[in-house]
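Descriptive analysis of the structure
Listed below, chain by chain, are the residues.
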Amino acid sequence: MARLSRRAFAWAALSTLTSAAPGAAAAARRPHRTATEMRGMWLATVSNRDWPSRAGLTAADQRRELTDLLDRAVHFRLNTVMLQVRPTADALWPSPYEPWSQYLTGTQGRNPGWDPLGVAVQEAHARGLRLHAWFNPYRIANHTDPGRLVASHPARKHPDWVVRYGGKLYYNPGLPAVRAFVEQAILDAVARYPVDAVHFDDYFYPYPVAGQTFDDDEAYDAHGAAFSSRAAWRRDNIDKLVTGTAAGIRKLRPGTRFGISPFAVWRNAATDSRGSDTRAGVETYDDLYADTRKWVLKNWIDYVVPQVYWQIGNSAADYAKVVDWWAGVAKGTGTRLYIGEALYRAGAAGAPAAWQDPAELSRHLTLAGRYAEVGGHVYFAAKEVAADPVGALSRVVADHYKQSATPPD
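Residues numbered from 1 in each chain as written. Predicted model: local features only at pLDDT ≥ 70, side-chain atom pairs only at ≥ 80, totals over all residues. Heavy atoms only, no water.

**Focus on the sheet that holds strand β4 (residues 130-135)**
So the rule is basically this: One bridge is not enough; two strands pair if DSSP finds at least two bridges between them. Each helix is a run of H or I in the DSSP string that is no shorter than four residues. Each strand is a run of E no shorter than two, and both are numbered from the N terminus. Two residues qualify as a contact provided that any one of their heavy atoms is within 4.5 Å of a heavy atom in the partner residue. For every element, the axis is a line fit to its C-alpha atoms; helices are fit only across the contacting stretch, and the angle between N-to-C directions ranges from 0 to 180 degrees.
Reading around the barrel, the eight strands line up as β2-β3-β4-β8-β9-β10-β11-β12 and close back on themselves, with parallel pairing between neighbours. Relative to strand β3 (residues 80-86), strand β2 (residues 38-43) runs parallel, the two being bridged by four bridges. Within the sheet, the bridge partner assigned to Gly 40 lies in β3 and is Thr 80. The strands touched by helix α9 (residues 230-252) are β8 (197-200) and β9 (257-260); relative to β9, the strand with the most contacts, the crossing angle is about 155°. Most of the contacts of helix α13 (residues 360-368) go to strand β12 (residues 374-380), to which it runs at about 160°, and overall it touches β11 (336-341) and β12.

**Structural notes on the pattern of salt bridges**
Oppositely charged side chains can pair when the atoms bearing their charge come close. What counts is decided by this rule: Salt bridge, as used here: a side-chain nitrogen of Lys or Arg that lies within 4 Å of a carboxyl oxygen of Asp or Glu. Only protein chains enter the area calculation, which uses a 1.4 Å probe; residues under 20% of their type maximum are buried, those over 50% are exposed, and those in between are partly exposed.
Going through the model one piece at a time under the given rule, you end up with 24 salt bridges. Two residues, Arg 257 and Asp 302, come together in a salt bridge whose shortest N-O distance is 3.8 Å. Taken together, the residues Arg 257 in strand β9 and Asp 302 in the loop between α11 (292-297) and β10 (303-304) connect sequence positions 45 residues apart. On the basis of relative accessibility, which here comes to 31%, the residue Arg 257 falls in the partly exposed class. Of the charged contacts, one joins Asp 399 and Arg 395 as a salt bridge, the two residues approaching to 2.8 Å between their closest N and O atoms.

**What about the sheet that holds strand β6 (residues 162-165)?**
Strand order in the open sheet formed by three strands is β5-β7-β6, and the pairing between neighbours is antiparallel. The open sheet has two edge strands with one neighbour each: β5 (139-141) and β6. In this sheet, adjacent strand axes meet at a mean angle of 35° when their direction is disregarded. Here β5 runs beside strand β7 (residues 168-171); their pairing, made up of two bridges, is antiparallel. Across the sheet, residue Arg 139 finds its bridge partner in β7, namely Tyr 170.

**A look at the confidence of the model for the chain**
Predicted coordinates in areas of low pLDDT are best not read in detail. The condition that has to hold: On a scale of 0 to 100, pLDDT captures the predictor's confidence in every residue.
Per-residue pLDDT for the chain has a mean of 93; in total, 92% of the residues score no lower than 70. Confidence over residues 1-33 falls short of pLDDT 50; this stretch has 83 contacts with residues more than four positions distant or in other chains.

**Overview of the environment of Phe 258**
With respect to the secondary-structure elements, Phe 258 resides in strand β9. Residues Phe 258 and Ala 247, eleven residues apart in the sequence, show an inter-C-alpha distance of 9.9 Å. With residues up to four places along the chain from it excluded, the contact list for Phe 258 reads Val 198, Phe 200, Val 242, Thr 245, Ala 246, Ile 249, Trp 300, Ile 301, Asp 302 and Tyr 303.

**Some details on the side chain of Thr 45**
Locating Thr 45 in the fold gives a position in the loop between β2 and α3 (59-75). Residues contacting Thr 45, with those up to four places away along its chain left out, are Trp 51, Leu 83, Gln 84, Pro 87, Leu 92 and Tyr 103.

**Comments concerning the packing of α13 against helix α15 (residues 392-400)**
As a reminder of what qualifies: The sense of a crossing depends on the near helix, which, turned anticlockwise from the far helix by less than a right angle, makes the crossing left-handed and, turned clockwise, makes it right-handed. Following the grouping adopted for this structure description, the nonpolar residues are Ala, Val, Leu, Ile, Met, Phe, Trp, Tyr, Cys and Pro, the charged ones are Asp, Glu, Lys and Arg, and the polar ones are all others, Gly among them.
Packing of α13 against α15 leaves a shortest axis separation of 7 Å and a crossing angle of 35°. Crossing hand, α13 versus α15: right-handed. Packed against α13, whose contacting residues are Leu 361, Ser 362, Leu 365 and Thr 366, the element α15 presents Ala 392, Arg 395, Val 396, Asp 399 and His 400 at the interface. Here the residues of the contact of α13 with α15 are counted per class, giving four nonpolar, three polar and two charged.

**Re the packing of aromatic side chains**
In plain terms, the rule: Side-chain rings of Phe, Tyr and Trp, where Trp is taken by its six-membered ring, are said to pair if the distance between their centres is within 6.5 Å; with planes under 30 degrees apart they count as stacked, over 60 as edge-to-face, and otherwise as tilted.
Counting across every chain of the model gives 25 aromatic pairs. On the numbers, 6.2 Å between centres and 90° between planes, the contact of Trp 51 with Trp 114 is edge-to-face. Of this pair, Trp 51 sits in the loop between β2 and α3 while Trp 114 sits in the loop between α4 (102-105) and α5 (116-126), placing them 63 residues apart in sequence. Trp 114 sits in the buried class, given a relative accessible area of 11%. Judged by centre distance (5.5 Å) and plane angle (45°), the rings of Tyr 303 and Tyr 338 are tilted. Here the residue Tyr 303 occupies a position in strand β10, and Tyr 338 occupies one in strand β11, the gap between them amounting to 35 residues.

**Some thoughts on helix α12 (residues 319-330)**
Here is the rule: For a helix, the expected span equals 1.5 Å multiplied by the number of residues minus one. Contacts described as polar in this section are N or O atom pairs within 3.5 Å, which, within protein, must combine one atom able to donate a hydrogen with one able to accept it, while residues neighboring in sequence count only if both atoms come from side chains.
Look at α12: 16 Å from first C-alpha to last across twelve residues, which is about the 16 Å you get at 1.5 Å a residue. Every buried residue of α12 is listed here: Tyr 319, Val 322, Val 323, Trp 325, Trp 326, Ala 327, Val 329 and Ala 330. Elements that come into contact with the buried residues of α12 comprise α11, β10, β11, α13 and β12. One side-chain oxygen at the N-terminal end of α12 lies 2.9 Å from the backbone nitrogen of Ala 320; it belongs to Asp 318. Phi turns positive one or two residues past the end of α12, at Gly 332, with a value near 75°.

**A word on a negative patch on the surface**
What counts here: For patches, a residue must show more than 30% relative accessible area and have no salt bridge; joins then use 9 Å for like charges and 5 Å for nonpolar side chains, namely Val, Leu, Ile, Met, Phe, Trp and Tyr. Method for areas: the Shrake-Rupley scheme with a 1.4 Å probe, in which residue coverage is limited to the protein chains shown. Positive: Lys, Arg. Negative: Asp, Glu. His and the chain ends are not part of the count. To locate a charge, the coordinates of NZ of Lys, CZ of Arg, CG of Asp or CD of Glu are taken.
A cluster of acidic residues, Asp 160, Asp 215, Glu 218 and Asp 221, forms a negative patch at the surface. Turning to its location among the elements, Asp 221 is positioned in helix α8 (residues 217-223).

**Overview of the side chain of Asn 268**
Relative to the helices and strands, Asn 268 is located in the loop between β9 and α10 (284-288). Here Thr 278 takes part through its side chain, which lies 2.7 Å from a polar atom of the side chain of Asn 268. Excluding residues within four positions of it along the chain, Asn 268 makes contact with Gly 275, Ser 276, Thr 278, Arg 279, Ala 280 and Glu 283.

**Description of the packing of α12 against α13**
For the pair α12 and α13, the least separation of the axes is 10 Å and the interaxial angle reads 35°. As α12 packs across α13, the resulting crossing turns out to be right-handed. Across the interface between the two elements, Tyr 319, Ala 320 and Val 323 of α12 pack against His 364, Leu 367 and Ala 368 of α13. Residues that form the contact of α12 with α13 fall into these classes: five nonpolar, one polar and no charged.

**Structural notes on the pairing of β6**
The alternating pattern of β6 places Val 163 and Tyr 165 on a buried face, while none of Val 162 and Arg 164, on the opposite face, is buried. Pairing analysis gives four bridges linking β6 to β7, with the strands arranged antiparallel. Note that in β7 the partner of Val 162 across the bridge is Tyr 171. Taken together, β6 and the strand that follows it, β7, pair antiparallel across an intervening segment of two residues, in which Gly 166 is found at a positive phi of about 60°.

Here it is as structure tokens:
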């Protein structure tokens, strides 16, 4: 049986629509909206993936780059932006709990001289875009040296909260104090800004690393006695984060949504008859301790965006089969289903032949459109939205986005 990790799936693998330049003027001329549909893009800040283009730019240059990306979203008739505002236990707003992100200035804790999240909400709304604030709950750093964190960092004040694993630092999800702190840090942004949603990606317990063990023995000994196994306890820890965050959002800002974009395979059917007809090397239930299916069935979250980052016909995870499975899970639940799309794979060197065809993504939307449960799509990520590799997004717009759409409530 092939063993394909999420990273192998996800990582191994601007033309214009009119003569009008993007910008406020172009936004003002966008077509009348006649449909309600999610048309989103992720805007990643970790390691300066999408924005800012590099750390240390002036505040004015950072703001210009941000608004340029928002303008490109409007130009391609998208309506929602998932902005990563807490990439590594840090903040893109003046948080009283965590330091300013190093991806702004190059130095963790240094004030960038402006409020990126506040400006992003304002500028997105001015363009008719929804702004979903994207948080990574547990990742502290992409290295294992706490001494490289700013002295005031909570991870340095609470070294017992920290686990080294896979060359990175993580907060331990098994500690109630960690969960309370993470929720507090996230909800600070919800209290301060009229964000349209809170968004989590696929990082809960970390992706497995061969030959390494996530050391949560002490936490399990202290808090896991009531559970049948460590795995069940770990899943309960993540369930508590999800339900606690959802409750906090409802209390602070009713009407603000909560969504999660998990790795798209809950379990393979060979593992569990309720699973998808896939042969993925990672299963969120067993490896990330994220019971994504339960969250949808119990309507704990408002929307789910499985990262279906494979082409139609992929031998281990066929886009068509994965979308069909998620549509079946979401049916009748009240949890909205959107599909995460791998725009970054279009035309990418080393990607399978299907991704060299500009029509592959358009075929995805045609296929997903057969399911009433699928309410739209989200594209990874903003850099590729701006560049439109091989014209794949232009093809989507020509085939499917002839008019603008109202984002879902």
